[in-house]
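Breakdown of the fold
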Amino acid sequence: DMLFIDTNHHNIQMELELRLHSPKVRKYIAMHDTVSFWNKGQGFDNGGGGMKLAIEPFIENNRDKWKVVEDRKNNNGLMILERIGF
């Protein structure tokens, strides 16, 4: 019913997680540290971008399936997506 993503906070990892798991999720996708690592990635020595580079295109490309229902800025950030029509 709900997927909570709190792995490596980097656009490459986030893109993979969303692509692989979102079709299996019935209700919600929650992502932690969305403020702390929004623009800058974590855990990749070669630089790269933050979670924003994966989350924003995912939302844009899946407007018919997912919508943002919470976007908390406190405590490093928490974003919750809800499947449309559930």
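Structure: see above.
Here's what I pulled together on the structure shown here. (Residues numbered from 1 in each chain as written. Predicted model: local features only at pLDDT ≥ 70, side-chain atom pairs only at ≥ 80, totals over all residues. Heavy atoms only, no water.)

**Structural notes on the overall build of the protein chain**
Scanning the protein chain from N- to C-terminus turns up 2 helices and 4 strands. In sequence order, the secondary structure elements of the protein chain are arranged as β-α-β-α-β-β. Taken over C-alpha atoms, the radius of gyration comes to 12 Å for the protein chain, in line with the 12 Å a tight globule of 86 residues would show. Taken over the C-alpha atoms alone, the protein chain extends approximately 40 × 25 × 20 Å along its principal axes. Sequence separation of 24 or more characterises 61% of the internal contacts of the protein chain that already satisfy a separation of 6 or more. Roughly 5,300 Å² of accessible area belongs to the protein chain as shown, and the carbon and sulfur atoms make up 49% of that amount. (Helix = DSSP H or I, 4+ residues; strand = E, 2+ residues; numbered from the N terminus. Rg over C-alpha atoms; globule rule 2.2 N^0.38 Å. Contact = heavy atoms within 4.5 Å. Areas by Shrake-Rupley, 256 points an atom, 1.4 Å probe, with all protein chains shown as cover.)

**Side note on the sheet that holds strand E2 (residues 28-32)**
Either a parallel or an antiparallel arrangement is found when strands of a sheet pair, and the pairing is made through backbone hydrogen bonds. Spatial ordering of the open sheet is given by E1-E2-E4-E3, a layout of 4 strands whose pairing is mixed. Looking at strand neighbours, the two that pair on one side only are strand E1 (2-5) and strand E3 (66-72), the edges of this open sheet. Pairs of neighbouring strands in the sheet enclose a mean axial angle of 15°, with direction left out of account. Pairing analysis gives 6 bridges linking E3 to strand E4 (residues 78-83), with the strands arranged antiparallel. Residue Val68 lies in a different strand from E4, and its bridge partner there is Leu81. (Pairing = 2+ DSSP bridges. Axes fitted to C-alpha atoms, helices over the stretch in contact; angles between N-to-C directions.)

**A look at helix H1 (residues 11-21)**
The set of residues buried in H1 consists of Asn11, Met14, Glu17 and Leu18. The buried side chains of H1 occupy one side of the element, clustering within an arc of 130° when seen end-on. Structural note: H1 exposes Arg19 and Leu20 on the side pointing more than 90 degrees away from its buried face. Summarising the contacts, the buried residues of H1 are in contact with E1, E2 and helix H2 (52-61). (Buried < 20%, exposed > 50% of the residue type's maximum accessible area, 1.4 Å probe, protein only. Arc of directions from axis to C-beta.)

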